[in-house]
Amino acid sequence: MFIQTLVPPVAGKTFRFTVAGCSGETRIRAFTDDKRILNQKMTGMLCKSLVEIPFCSEGSKLKICASDSSGKRHELEFEISASDPGAHSMLAKSRQVQARQYMR
């Protein structure tokens, strides 16, 4: 199971993401810091979802948690931006993480 998105979350905007590799019923929850802003259940191997990021939440953390009926779980955390830095910012960050993993 994995969670993916093309653009980072931005305060006051809609954040779209996908949870893939799911089995049976999948529960998807999203939190800004400790406040739950999404709680849904879906079925299928691909779950497309969206959540409204609260206004004035820039600098906070968005945490997405997914679990399915087979017991698979995945969590992903983002920092909420004040403005849209563009899709290239997500790609650059993932490349930096991969580079660090290869160095170990």
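Residues numbered from 1 in each chain as written. Predicted model: local features only at pLDDT ≥ 70, side-chain atom pairs only at ≥ 80, totals over all residues. Heavy atoms only, no water.

Thoughts on the overall build of the protein chain
Part 1 of the argument: Looking only at helices and strands, the protein chain features one helix and seven strands.
Part 2 of the argument: Listing the helices and strands of the protein chain from first to last along the sequence gives β-β-β-β-β-β-β-α.
Part 3 of the argument: With 104 residues in all, the protein chain has 36% of them scored as buried.
Part 4 of the argument: Relative to all contacts within the protein chain whose residues are 6 or more apart in sequence, the contacts with residues 24 or more apart total 56%.
Part 5 of the argument: In the structure as shown, the protein chain presents an accessible area of about 6,800 Å², 51% of it carried by carbon and sulfur atoms. (Helix = DSSP H or I, 4+ residues; strand = E, 2+ residues; numbered from the N terminus. Buried < 20%, exposed > 50% of the residue type's maximum accessible area, 1.4 Å probe, protein only. Contact = heavy atoms within 4.5 Å. Areas by Shrake-Rupley, 256 points an atom, 1.4 Å probe, with all protein chains shown as cover.)

Let's talk about the pairing of strand 2 (residues 14-20)
Part 1 of the argument: Across the seven residues of strand 2, five count as buried, placing the element largely inside the fold.
Part 2 of the argument: Across three bridges, strand 1 (residues 2-4) lies against strand 2 in antiparallel orientation. Of the residues in strand 2, the one forming a bridge with phenylalanine 2 is alanine 20.
Part 3 of the argument: By the bridge criterion, seven bridges tie strand 2 to strand 5 (residues 46-52) in an arrangement that is antiparallel. Considered in strand 5, the bridge of phenylalanine 17 is made with serine 49. (Pairing = 2+ DSSP bridges.)

Looking at the sheet that holds strand 5
Part 1 of the argument: If you trace the three strands from one edge of the open sheet to the other, you get 1-2-5, paired in antiparallel fashion. Looking at the sheet topology across the chains shown, the edges are occupied by strand 1 and strand 5. Between one strand and the next, the sheet's axes are offset by a mean angle of 25°, whatever the strand orientation. (Axes fitted to C-alpha atoms, helices over the stretch in contact; angles between N-to-C directions.)

Focus: unusual backbone geometry
Part 1 of the argument: We note that aspartate 33 has phi near 50°; this positive angle belongs to a residue other than glycine.
Part 2 of the argument: Mapping aspartate 33 onto the fold places it in the loop between strand 3 (25-32) and strand 4 (35-43).
Part 3 of the argument: The class for aspartate 33 is partly exposed, based on a relative accessible area of 47%.
Part 4 of the argument: The phi dihedral of cysteine 56 falls on the positive side, at around 60°, and the residue is not glycine.
Part 5 of the argument: Topologically, cysteine 56 is positioned in the loop between strand 5 and strand 6 (61-68).
Part 6 of the argument: When its relative accessible area of 71% is taken as the criterion, cysteine 56 is described as exposed.

Section: the packing of aromatic side chains
Any aromatic ring pair is given by two values, namely how distant the centres are and how the planes are angled relative to each other.
Part 1 of the argument: In the structure shown here, the tally under the stated rule is two aromatic pairs.
Part 2 of the argument: Relative to phenylalanine 78, the ring of phenylalanine 15 has its centre 5.5 Å away and its plane inclined at 65°; by these criteria the two rings are edge-to-face. Highlighted residues: phenylalanine 15 in strand 2 and phenylalanine 78 in strand 7 (residues 73-79), separated in sequence by 63 residues.
Part 3 of the argument: You can call phenylalanine 15 buried: its relative accessible area is 1%. (Phe/Tyr/Trp six-rings, centres within 6.5 Å; stacked < 30°, edge-to-face > 60°.)

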